[in-house]
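Each chain is listed here by its residues.
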Amino acid sequence: MVDKEKLDAAVEFFCQNDFWKQVYEEAPSDNCRKYYALHFYFSTFWDDAHEDEDYFRSCDETENLLNLEDWKYLLKYQGNNPGVIKIRQKIRELSENT
């Protein structure tokens, strides 16, 4: 399991920035906020996260809980990077199933 204190510290650190605070707080679900928290953790505690199997397992578990609204929200703030491909694929899959 990802260290909760470090996870909370990462969220607190990122939320010092008004943009990320708004993105995090306005996320449509707790699962979506957890997705952001995990990514904040990865960015803040790189040395711990990149070798932590629990981190990657938590990311996979959280992604499996995201719904269509969550994925659309993530796409809105993803920016121009390779993560867009995965998000669009998830949106397509979930849209086909509704």
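Refer to the structure printed above.
Fair warning: this is a prediction, and the values are worked out from it, not measured in the lab.

Attention now goes to the side chain of Asp-52. Position of Asp-52 among the secondary structure elements: in the loop between α4 (46-49) and α5 (53-65). At 6.4 Å, Arg-57 is the nearest oppositely charged side chain to Asp-52, a buried residue that forms no salt bridge. In this structure the side chain of Asp-52 is engaged in a polar contact, spanning 2.9 Å, whose partner is the backbone nitrogen of Asp-54.

A full pass over the atoms with the stated rule returns 19 aromatic pairs. Here Tyr-36 and Phe-40 contribute two aromatic rings whose centre-to-centre distance is 6.1 Å and whose plane-to-plane angle is 35°, an arrangement assigned as tilted. In this pair, Tyr-36 and Phe-40 both sit in helix α3 (residues 30-44), 4 residues apart, roughly one turn of the helix. Across the pair, Phe-40 and Tyr-36 agree in class, each one buried. Taken together, the ring pairs in this structure connect Phe-13, Phe-14, Phe-19, Trp-20, Tyr-24, Tyr-35, Tyr-36, Phe-40, Trp-71, Tyr-73 and Tyr-77 into an aromatic cluster.

Conventions we followed
Residues numbered from 1 in each chain as written. Predicted model: local features only at pLDDT ≥ 70, side-chain atom pairs only at ≥ 80, totals over all residues. Heavy atoms only, no water. Helix = DSSP H or I, 4+ residues; strand = E, 2+ residues; numbered from the N terminus. Buried < 20%, exposed > 50% of the residue type's maximum accessible area, 1.4 Å probe, protein only. Lys, Arg positive; Asp, Glu negative; His and termini not counted. Salt bridge = Lys/Arg side-chain N within 4 Å of Asp/Glu carboxyl O. Polar contact = N/O pair within 3.5 Å; in protein donor to acceptor, adjacent residues only side chain to side chain. Phe/Tyr/Trp six-rings, centres within 6.5 Å; stacked < 30°, edge-to-face > 60°.

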